[in-house]
Amino acid sequence: MPELPEVETIRRDLTKHVVGKLVQRVEVRKAKLIQGSRAVFRRALIGARITRVSRRAKQLILELSSGYVALVHLKMTGQLVWRSRGGMLTVGGHPIISVNTVPNKFTYVTLRFSDGSALFFNDVRQFGYWRAVPLAELAVVHAHLGPEPLSSAFTPQVFWAALQRRGRTTIKAALLDQSVVAGIGNIYADESLYVARLRPSRRVASLRTVETAALFRAICSVLRKAVAARGTSFNSYVDGLGRQGTYWERRLVYGRTGEACRRCGTLFKRTVVAGRGSHWCAHCQH
DNA sequence: CGGAGTGTTAGTCG
DNA sequence: CCGACTAACACTCC
């Protein structure tokens, strides 16, 4: 599901609601969604306060007063729903699941807070996971991840160097590789490649310096705009406050197969690259 | 009804 | 080591 802009949006919303909350109870209804020891997971959370909500790549990080962090990955269909004591719902994540009742049959993890509010984790496909990690080990757990594209660690030089490691593959596969850049998924890979005028199937080794530079700028600009729009994942639902992400209407190529390219009017193609549906303009992208 | 497709990624196989 | 492919699962769409 969510890529960097969506997870970042959830992080910001969640921060407002859960920071400072004391975890009173933890309910796990599907043990396999908890990575590692369930006992450690419960110990890390129960009785702890949430001190901060951060993000790395597509993972949410609930920082806890116990010295642990709880990592949450939503994968394809994960969803976090916060419910106030009064019953108000706030949603982040995948829109498939009806939120009118929580918990529902897709609710697999629940955190109950001492003030009567609760955080529900729903996941239709059950690909997502939660994991407790000592704060001191977080860097090791995330060692395989590349730079955050919206941070100062992401520079043209760093990007170029990371791409060198994936010279033989396609640029699409490289963008989806979280060790190259952290947080890009299928939608923003296609959007960035369109802006940079590069075909998804281009071999990384064939990229010229100016093309790599254009792609670097495209990634930054696409992700920045998507974050500002609160992402795309929330297109088919409106939460209790009437908010929804608006990038979906503004997307340039993703899911626009057969529609006209706004630059040249050519109809967009859809092919499979790196095993993923890829959308692109055969005239503008080379 | 059957088959393909879905915003992810860890693991396997060559 | 590297890259391609698939499984994990439930549901929608054609």
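Here the structure is a predicted model, which is why all the values come from computation and not from measurement.

A few points about the side chain of Gln59
Step number 1: Topologically, Gln59 is positioned in strand β4 (residues 59-64).
Step number 2: Taking relative accessible area as the criterion, Gln59 reaches 10% and is therefore assigned buried.
Step number 3: A distance of 2.7 Å separates a polar atom in the side chain of Gln59 from a polar atom in the side chain of Tyr129.

Brief notes about the protein's contact with DNA strand C
Step number 1: Residues in close proximity to DNA strand C include Lys32, Lys105, Phe106, Val124, Arg125, Gln126, Phe127, Arg166, Arg168, Thr169 and Arg203, which together make up its full environment.
Step number 2: If you look at DNA strand C and keep only atoms within 4 Å of the protein, 51% of those are sugar or phosphate atoms.
Step number 3: With respect to DNA strand C, the side chain of Arg166 contributes an N or O atom lying 2.9 Å from a phosphate oxygen.
Step number 4: Taking Thr169, its side chain carries an N or O atom lying 3.1 Å from a phosphate oxygen of DNA strand C.

Overview of the packing of aromatic side chains
Step number 1: Under the definition given, this model contains eight aromatic pairs.
Step number 2: A centroid spacing of 6.1 Å and a plane angle of 85° characterise the contact between Phe41 and Trp130, whose relative ring orientation is edge-to-face. One end of the pair, Phe41, is in helix α2 (residues 38-45); the other, Trp130, is in strand β10 (residues 129-134), with 89 residues separating them in the sequence. Take Phe41 and Trp130: they sit in the same class, and that class is buried.
Step number 3: Consider the rings of Tyr194 and Phe268, whose centres lie 5.6 Å apart with planes at 80°: the pair is edge-to-face.

Section: unusual backbone geometry
Step number 1: With an omega dihedral of -5°, the bond running from Val102 to Pro103 counts as a cis peptide bond.
Step number 2: With respect to the helices and strands, the residue Pro103 is situated in the loop between β7 (89-93) and β8 (107-113).
Step number 3: Non-glycine residue Ala57 carries a positive phi angle of around 55°.
Step number 4: In this structure, Ala57 sits in the loop between β3 (50-56) and β4.
Step number 5: Judged by its relative accessible area of 4%, Ala57 is buried.
Step number 6: Despite not being glycine, Gln126 shows a phi value in the positive range, around 60°.
Step number 7: Counting through the fold element by element, Gln126 comes out in the loop between β9 (118-123) and β10.

What counts as what
Residues numbered from 1 in each chain as written. Chains lettered and ligands numbered in written order. Predicted model: local features only at pLDDT ≥ 70, side-chain atom pairs only at ≥ 80, totals over all residues. Heavy atoms only, no water. Helix = DSSP H or I, 4+ residues; strand = E, 2+ residues; numbered from the N terminus. Buried < 20%, exposed > 50% of the residue type's maximum accessible area, 1.4 Å probe, protein only. Polar contact = N/O pair within 3.5 Å; in protein donor to acceptor, adjacent residues only side chain to side chain. Near = heavy atom within 4 Å. Phe/Tyr/Trp six-rings, centres within 6.5 Å; stacked < 30°, edge-to-face > 60°.

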